[in-house]
Amino acid sequence: AIQVFISDLSDSGAAIQCPSGHLPYSGSLQVDFALPGDSDRLQVTAELVWQNNQGAGGIRFLDMASQSRKRLGRWLKEELAEQGEQKIGARAGE
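The rules behind each value
- Residues numbered from 1 in each chain as written.
- Predicted model: local features only at pLDDT ≥ 70, side-chain atom pairs only at ≥ 80, totals over all residues.
- Heavy atoms only, no water.
- Phe/Tyr/Trp six-rings, centres within 6.5 Å; stacked < 30°, edge-to-face > 60°.
- Helix = DSSP H or I, 4+ residues; strand = E, 2+ residues; numbered from the N terminus.
- Buried < 20%, exposed > 50% of the residue type's maximum accessible area, 1.4 Å probe, protein only.
- 1 Å grid on protein atoms, 1.4 Å probe; cavity = no way out; pocket = protein on both sides within 12 Å on 5 of 7 lines; lining within 4 Å.
- Points joined across faces, edges and corners; volume = space filled by probe spheres on them.
- Nonpolar A, V, L, I, M, F, W, Y, C, P; charged D, E, K, R; others polar.
- Pairing = 2+ DSSP bridges.
- Salt bridge = Lys/Arg side-chain N within 4 Å of Asp/Glu carboxyl O.
- Axes fitted to C-alpha atoms, helices over the stretch in contact; angles between N-to-C directions.

**Overview of the packing of aromatic side chains**
1) Next: By the definition in use, this model includes 1 aromatic pair.
2) Next: Aromatic pair Phe 33 and Phe 61: ring centres 6.3 Å apart, planes at 15°, arrangement stacked. One end of the pair, Phe 33, is in strand β3 (residues 28–34); the other, Phe 61, is in strand β5 (residues 56–64), with 28 residues separating them in the sequence. The pair formed by Phe 33 and Phe 61 is uniform in burial state, with each residue classed as buried.

**Some words on the layout of surface pockets**
1) Next: A volume near 410 Å³ is recorded for the largest pocket.
2) Next: Forming the boundary of the largest pocket are 16 residues, of which Ile 2, Val 4, Gln 30, Val 31 and Asp 32 lie nearest the centre.
3) Next: Sorting the residues of the lining of the largest pocket by element identifies β1 (5–9) and β3 as the ones contributing at least two each.
4) Next: No other element matches the 5 residues that β3 contributes to the lining of the largest pocket.
5) Next: Grouping the constituent residues of the lining of the largest pocket by class yields 12 nonpolar, 2 polar and 2 charged.

**A look at the pairing of strand β2 (residues 13–17)**
1) Next: The sheet contact formed by β1 and β2 spans 4 bridges and is antiparallel. Pairing of Leu 9 across the sheet is with Ala 14, part of β2.
2) Next: As defined by bridge partners, β2 adjoins β5 across 5 bridges and the pair is classed as antiparallel. Within β5, the position partnered with Ala 15 by the bridge is Gly 58.

**A few points about the pattern of salt bridges**
1) Next: According to the stated counting rule, one finds 3 salt bridges in the structure shown.
2) Next: Between Arg 71 and Asp 38 there is a salt bridge whose closest N-O contact spans 3.1 Å. Taken together, the positions of Arg 71 in helix α1 (residues 66–92) and Asp 38 in the loop between β3 and β4 (41–51) put the pair 33 residues apart, joining distant regions of the chain.
3) Next: What makes Arg 71 buried here is its relative accessible area of 14%.

**A word on the sheet that holds β4**
1) Next: Read across the open sheet, the 5 strands follow the order β1-β2-β5-β4-β3; overall the sheet is antiparallel. Here the strands that pair on one side only, and so sit at the sheet edges, are β1 and β3. For this sheet, the mean inter-axis angle between neighbouring strands, taken without regard to orientation, is 45°.
2) Next: Judged from the 7 bridges that link them, β3 and β4 form a sheet pairing that is antiparallel. Paired with Asp 32 across the strands is Gln 43, a residue of β4.

Spelled out as structure tokens, the structure:
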């Protein structure tokens, strides 16, 4: 197993960073991660669609259980709403 950090997450994939710099060259990957504030892990089949020589890469989600997809969608929606509120609050305080 390779440990990576997710630096950007969407409903269709993620940008990842591998501290060791060793990402697989191709093929499908089994990805297992937890969303912040949620102890249940999401398990996804993904493919590596790009990578650079510093250990960064991008994965596309190929298969995810419908319940996991709903949890991810709900979390993303909450994060977007929270970021929007922070931006509005920052503008109001100017």
